[in-house]
Amino acid sequence: MNSPIIQLLVLAGIAVFLILKLARVLGTRDGFEGQVNREDVITPAPQAKRIGSLEVIDGGPDRDITDHVAEDTNAAGALAEMKRIDKNFNVTEFLQGAREAYEWILMAFENGNLEEIKDYLSDEVYAAFEAVIRERESEGLTVEVEFAGLRKFRLLDAVFIHETKSAMLTVHFIGELCSIVKNADGEIVEGKKGHPVRQDDYWTFQRTMGSNDPNWLLVATSS
């Protein structure tokens, strides 16, 4: 075998070796060369959009709203507007706060101690509570009360007034109180000691959405 042929075979062998080595280092490409690994794709966050008056997240409506009111109601639309204006507003968190406020305000009223809750009552509610307390005092009546527990509570309605950005939320509370009323001689004239009685209340709380004051005022009560 002459020298030129030998040199050609050697060069061919080197070329094959380099091709195989490059294949191992770079890998092979099958199909679309521009195809991207799915794990490398960054999926955009779900975008909010509107269906009617209710803002929803891709994949379903806002559960913070629909867990408490039906999505096709005026109340749902009002809650959506509240959340749009005040990004810190959360319906579930509001209800937890309302639950705590219910016991606190109710006990303060029953014990005749309005000063500690005055800043959380509208002028009308404060005046109504004060009138009841003054009437009891004028009749020589005293009340001994113990909060036995809150059995149920739910958001009943929501209203939003665009012009004033005023939000009003009505909550239905069902609680139990152990309450007795005594006359000036210390005799029980109402209630039975250790015997809880159902307390059925509808309270409306009001706040201006987007304001610096985070507190809700109790603006109406009914039983």
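Scroll up for the structure.
I will try to describe carefully the structure that is included in this document.

Cut-offs applied
Residues numbered from 1 in each chain as written. Predicted model: local features only at pLDDT ≥ 70, side-chain atom pairs only at ≥ 80, totals over all residues. Heavy atoms only, no water. Helix = DSSP H or I, 4+ residues; strand = E, 2+ residues; numbered from the N terminus. Buried < 20%, exposed > 50% of the residue type's maximum accessible area, 1.4 Å probe, protein only. Contact = heavy atoms within 4.5 Å. Pairing = 2+ DSSP bridges. Phe/Tyr/Trp six-rings, centres within 6.5 Å; stacked < 30°, edge-to-face > 60°. Lys NZ or Arg CZ within 6 Å of the ring centre and 35° of its normal. Lys, Arg positive; Asp, Glu negative; His and termini not counted. Salt bridge = Lys/Arg side-chain N within 4 Å of Asp/Glu carboxyl O. Polar contact = N/O pair within 3.5 Å; in protein donor to acceptor, adjacent residues only side chain to side chain. Expected span 1.5 Å × (residues − 1). 1 Å grid on protein atoms, 1.4 Å probe; cavity = no way out; pocket = protein on both sides within 12 Å on 5 of 7 lines; lining within 4 Å. Points joined across faces, edges and corners; volume = space filled by probe spheres on them. Nonpolar A, V, L, I, M, F, W, Y, C, P; charged D, E, K, R; others polar.

Considerations on the overall build of the protein
Right, on to step 1. Each helix and strand in the protein was counted, giving 5 helices and 8 strands.
Right, on to step 2. Looking at the protein as a whole, 30% of its 223 residues are labelled buried.
Right, on to step 3. Taking the contacts inside the protein whose residues are at least 6 apart along the sequence as the reference set, 55% of them involve residues at least 24 apart.

Concerning the pairing of strand S7 (residues 197–208)
Right, on to step 1. Pairing of strand S5 (residues 166–182) with S7 involves 12 bridges; the strand directions are antiparallel. Paired with glutamate 176 across the strands is arginine 198, a residue of S7.
Right, on to step 2. Looking at chain direction, S7 and strand S8 (residues 217–222) are connected through 5 bridges and run antiparallel. Along S8, the bridge assignment pairs threonine 204 with alanine 220.

Quick notes on the packing of aromatic side chains
Right, on to step 1. Enumeration over the complete set of coordinates arrives at 11 aromatic pairs.
Right, on to step 2. Aromatic rings pair up to connect Phe89, Phe94, Tyr102, Phe147, Phe153, Phe173, Trp203, Phe205 and Trp216 into one cluster.
Right, on to step 3. When the ring centre of tyrosine 126 is taken as origin, the NZ or CZ atom of lysine 118, which lies over that ring, is 5.4 Å away.
Right, on to step 4. Its end group placed over the ring of phenylalanine 109, arginine 136 keeps NZ or CZ at 5.5 Å from the ring centre.

Regarding the side chain of aspartate 201
Right, on to step 1. Note on placement: aspartate 201 falls in strand S7.
Right, on to step 2. Buried and unpaired, aspartate 201 has arginine 198 as its nearest opposite-charge partner, separated by 9.6 Å.
Right, on to step 3. At 3.3 Å, the side chain of aspartate 201 forms a polar contact with the side chain of glutamine 199.
Right, on to step 4. At a separation of 3.2 Å, a polar atom in the side chain of aspartate 201 contacts the side chain of serine 223.

Re the pattern of salt bridges
Right, on to step 1. Evaluation of the coordinates by the stated rule reveals 11 salt bridges.
Right, on to step 2. The salt bridge involving glutamate 81 is made with arginine 84; its shortest N-O contact spans 2.9 Å. Here arginine 84 and glutamate 81 lie together in helix H3 (residues 74–85), a separation of 3 residues that amounts to about one turn.
Right, on to step 3. Of the residues examined, glutamate 81 reaches a relative accessible area of 13% and is grouped as buried.
Right, on to step 4. Here arginine 151 and glutamate 176 are joined by a salt bridge, their closest N and O atoms 2.9 Å apart.

Some points on helix H4 (residues 91–110)
Right, on to step 1. The end-to-end C-alpha distance of H4, which contains 20 residues, comes to 28 Å, matching closely the 28 Å that a straight helix rising 1.5 Å per residue would cover.
Right, on to step 2. For H4, the full list of buried residues reads Val91, Phe94, Leu95, Ala98, Ala101, Tyr102, Ile105, Leu106, Met107, Ala108, Phe109 and Glu110.
Right, on to step 3. The N-cap of H4, judged by a side-chain oxygen 3.1 Å from the amide nitrogen of threonine 92 a few residues on, is asparagine 90.
Right, on to step 4. Looking one or two places after H4, you find glycine 112, whose phi comes out positive at around 70 degrees.

Examining the layout of surface pockets
Right, on to step 1. In this structure, the largest pocket spans a volume of roughly 410 Å³.
Right, on to step 2. For the largest pocket, the lining is made up of 18 residues, of which Phe94, Gly97, Pro214, Asn215 and Trp216 are closest to its centre.
Right, on to step 3. For the lining of the largest pocket, the elements supplying multiple residues, two or more each, are H4 and S7.
Right, on to step 4. It is H4 that provides the largest number of residues to the lining of the largest pocket, a total of 8 residues.
Right, on to step 5. In terms of residue class, the lining of the largest pocket is made up of 10 nonpolar, 4 polar and 4 charged.
Right, on to step 6. Estimates place the volume of the second largest pocket at around 270 Å³.
Right, on to step 7. In this structure, the second largest pocket is lined by 13 residues; those nearest its centre are Glu110, Val143, Ser179, Val181 and Glu190.
Right, on to step 8. Mapped onto the lining of the second largest pocket, the elements with two or more residues apiece are S5 and S7.
Right, on to step 9. Per-element tally for the lining of the second largest pocket: the top contributor is S5, with 4 residues.
Right, on to step 10. Of the residues in the lining of the second largest pocket, the class split is 6 nonpolar, 3 polar and 4 charged.

A closer look at the environment of glutamate 100
Right, on to step 1. If you trace the backbone, glutamate 100 turns up in helix H4.
Right, on to step 2. Judged by relative accessible area, which is 60%, glutamate 100 ranks as exposed.
Right, on to step 3. Distance from glutamate 100 to leucine 150, taken between C-alpha atoms, is 9.8 Å for residues 50 residues apart in sequence.

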